[in-house]
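Remarks on the overall topology
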Amino acid sequence: MSRFLSSAYRTLTPYTPGEQPQDKKYIKLNTNESPFPPAPGVIAAVNASEAMDLRLYSDPELKPLKAQLSESFQVDVSDVFIGNGSDECLNYAFMAFGEDGFAFPDITYSFYKVIAQLNQVTTEVKPLRADFKIDLADYLGPETPDGGHAGIGKNIVIPNPNAPTGIPISLDAIAELCEANADHVVMIDEAYVDFADQAISAVPLTKKYKNLLVTQTFSKSRSMAGARVGFAIGDAALIQDMETLRNSNNPYNVNRISMKCAVEALRDTAYFEANCAKIRANRAWTRTELEKLGFHVLDSQTNFLFAESPAISGKELYLRLKDNGVLVRHFDDPKITNFNRISIGSEEEMAQFIETVRDILTF
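Here the structure is a predicted model, which is why all the values come from computation and not from measurement.

1. Notes on the overall build of the chain
Secondary structure assignment for the chain yields 11 helices and 13 strands. Taking 2.2 N^0.38 as the reference for a compact globule, 363 residues should give roughly 21 Å; the C-alpha atoms of the chain span a radius of gyration of 21 Å, in line with that estimate. Along the longest, intermediate and shortest principal axes, the C-alpha atoms of the chain span 60 × 60 × 50 Å. When burial is assessed residue by residue, the chain has 52% of its 363 residues classed as buried.

2. What to know about unusual backbone geometry
In this model, Asn-160 is joined to Pro-161 through a cis peptide bond whose omega is -5°. Relative to the helices and strands, Pro-161 resides in the loop between β5 (155-159) and α6 (171-180). In this structure, Pro-164 follows Ala-163 across a cis peptide bond, with omega equal to 15°. By the element assignment, Pro-164 lies in the loop between β5 and α6. At Ser-223, a residue that is not glycine, the phi angle is positive and equals roughly 60°. Judged by its relative accessible area of 11%, Ser-223 is buried.

3. Considering the sheet that holds strand β13 (residues 339-343)
The 4 strands are arranged β9-β10-β13-β12 in an open sheet whose pairing can be described as antiparallel. The open sheet has two edge strands, β9 (296-297) and β12 (329-330), and neither has a second partner. Examined bridge by bridge, strand β10 (residues 304-308) and β13 share 5 bridges and lie antiparallel to one another. When the bridges of β13 are listed, Phe-304 appears paired with Ser-343. Set on the sheet, helix α9 (residues 269-292) makes contact with β9, β10 and β13; between it and β10 the angle comes to about 10°. Contacts from helix α10 (residues 314-323) reach β12 and β13 within the one sheet, and its direction differs from that of β13 by about 40°.

4. A few points about the packing of aromatic side chains
The final tally for this structure, using the stated rule, is 13 aromatic pairs. An angle of 20° between the planes, with centres 4.4 Å apart, marks the rings of Tyr-57 and Tyr-252 as stacked. Within this pair, whereas Tyr-57 is found in the loop between α2 (48-52) and α3 (63-73), its partner Tyr-252 is found in the loop between α7 (236-247) and α8 (256-267), the two being separated by 195 residues in sequence. Feature note: the residues Tyr-15, Phe-104, Tyr-109, Phe-111 and Tyr-112 constitute an aromatic cluster, connected by ring pairs. Its guanidinium or amino end placed over the ring of Phe-36, Lys-278 lies 5.2 Å from that ring's centre, counting from NZ or CZ.

5. A short note on the pattern of salt bridges
Opposite charge on two side chains lets them pair, provided their charged atoms get close. The full count for this structure, using the stated rule, is 17 salt bridges. The partner of Glu-61 in a salt bridge is Lys-63, and the shortest N-O contact between them spans 3.8 Å. For Glu-61, a relative accessible area of 47% gives the class partly exposed. A salt bridge links Lys-126 to Glu-124, with the nearest nitrogen and oxygen atoms 2.4 Å apart. Shared partners join several salt bridges into a network, and the residues in it are Lys-66, Glu-243 and Arg-246.

6. Examining the side chain of Glu-190
When you line up the elements, Glu-190 lands in the loop between β6 (186-189) and β7 (212-217). For the buried Glu-190, no salt bridge is present, and the opposite-charge side chain at shortest range is Arg-222, 10 Å distant. In contact with Glu-190, not counting residues within four places along its chain, are Asn-160, Ile-200, Ser-201, Ala-202, Val-203, Val-214, Thr-215 and Gln-216.

7. Here we look at the sheet that holds β5
Taken together, the 7 strands give an open sheet; going across it, the order is β2-β8-β7-β6-β5-β3-β4, and neighbouring strands pair in mixed fashion. Only two strands of the sheet have a single partner each, and these edge strands are β2 (80-83) and β4 (123-126). Between one strand axis and the next, the sheet turns by 20° as a mean value, whatever way the strands run. Examined bridge by bridge, β2 and strand β8 (residues 230-234) share 4 bridges and lie antiparallel to one another. The residue bridging Ile-82 from the neighbouring strand is Phe-231, located in β8. Against the sheet, α3 touches β2, β7 and β8, its axis set at about 125° to β2. Strands in contact with helix α5 (residues 111-118) are β3 (102-105), β4, β5 and β6; relative to β5, the strand with the most contacts, it is inclined by about 150°.

8. A closer look at α8
Quick reminder: α-helices carry 3.6 residues per turn. Residues three or four places apart thus point the same way. Between its terminal C-alpha atoms α8 stretches 17 Å, which fits the 16 Å expected from 12 residues at 1.5 Å a residue. Of all 12 residues in α8, 9 are buried; the element is thus mostly enclosed. Where α8 is concerned, the buried positions are Arg-256, Ile-257, Ser-258, Met-259, Cys-261, Ala-262, Val-263, Ala-265 and Leu-266. Where α8 starts, the residue carrying a side-chain oxygen 3.0 Å from the main-chain nitrogen of Ile-257 turns out to be Asn-255.

9. Considering the state of the cysteines
Disulfides are covalent bonds that connect the sulfur atoms of two cysteines. A complete count under the given rule lists 0 disulfides for this structure. Cys-261 supplies the cysteine sulfur nearest to Cys-89, a cysteine that is in no disulfide, at a spacing of 18 Å. The exposure class assigned to Cys-89 is buried, which follows from its relative accessible area of 0%.

10. Some thoughts on the pairing of β5
Among the 5 residues in β5, 5 count as buried, and that is most of the element. Alternating residues of β5 divide into Asn-155, Val-157 and Pro-159 and Ile-156 and Ile-158, and every residue in both groups is buried. Note: β3 against β5, 2 bridges, orientation parallel. Across the sheet, residue Ala-103 finds its bridge partner in β5, namely Ile-156. In this sheet, β6 lies alongside β5 in parallel orientation, the contact comprising 4 bridges. From the neighbouring strand, Ile-158 faces β6, where its bridge partner is Ile-188. Taking the sense of rotation as the criterion, the β-α-β connection linking β5, α6 and β6 turns out right-handed.

The rules we used
Residues numbered from 1 in each chain as written. Predicted model: local features only at pLDDT ≥ 70, side-chain atom pairs only at ≥ 80, totals over all residues. Heavy atoms only, no water. Helix = DSSP H or I, 4+ residues; strand = E, 2+ residues; numbered from the N terminus. Rg over C-alpha atoms; globule rule 2.2 N^0.38 Å. Buried < 20%, exposed > 50% of the residue type's maximum accessible area, 1.4 Å probe, protein only. Pairing = 2+ DSSP bridges. Contact = heavy atoms within 4.5 Å. Axes fitted to C-alpha atoms, helices over the stretch in contact; angles between N-to-C directions. Phe/Tyr/Trp six-rings, centres within 6.5 Å; stacked < 30°, edge-to-face > 60°. Lys NZ or Arg CZ within 6 Å of the ring centre and 35° of its normal. Salt bridge = Lys/Arg side-chain N within 4 Å of Asp/Glu carboxyl O. Lys, Arg positive; Asp, Glu negative; His and termini not counted. Expected span 1.5 Å × (residues − 1). Polar contact = N/O pair within 3.5 Å; in protein donor to acceptor, adjacent residues only side chain to side chain. Disulfide = S-S within 2.5 Å. Right-handed = clockwise from strand over helix to strand, strands pointing away.

The following block contains the structure:
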């Protein structure tokens, strides 16, 4: 670092994205991207006429996309915030609401720690249970005489389903979190919610709980990771707080083409639902095949599996898969170092993955 860097950032540890090696062609199961192309309307939206308008600024109010999100999720336009990926939504939320700090699980999306450090927000890390599930009691606070809970005195952010475990919490649990922590924001990060076997999105609960903020992304289920579009839904007052920060920092945060593509992605519900169904089917097949090979696989409701084998360490399996042209995600955290996170790809990719794992375990 240079001697000019502010002291506030000298100890900042940046987020480490999944590796993107260029040395050869890989089956890429390490960054939870979709194996399918975007919807046909999305591809058509990237056309010459729109490219000609790149000389013009994008709409700072993002009206077409907010209108479509409002229609798709049955919420008011004033309840919608749009970010350059859901990470930007998370960042503005930490900036806006983090005065009392944020609590989140110890095994979760590692970007939370980075955002907190960047914005000088204090954190309280809550351990997962031995079965890798979130312990709801850790986020409720002491019991009150009327049988309720007093809250934990800080904001909460939880991915649902959690990552990298893939395990969800119920809508009843989210409602309980909001009620117990009525004086703080409860943020539910739904990056993977579309892959759950049942509808578990907390968006409908935002109409009841003024302190609930839900974030989603176009990167996974909508096949638009490269477009960088995410959004948050919550009470209009929360959204306005985030808009104040966005307009004070980057009012043209989503480009013209990405916005148009996002609108088209939302409109093609049949394509979206079909792809999510394929991912669920491929996930179920892959889990069964891994369990046949002796793996312990967590009950994921996402587009990835979290698995460990008693026959080989997580690190060794990751390295040997990479040598054989298959990328998965390995974490060095001692609590999960024997696990690997395996993104769900196409049928052909998952079949090749299982064949490669079988060969590794055999020799």
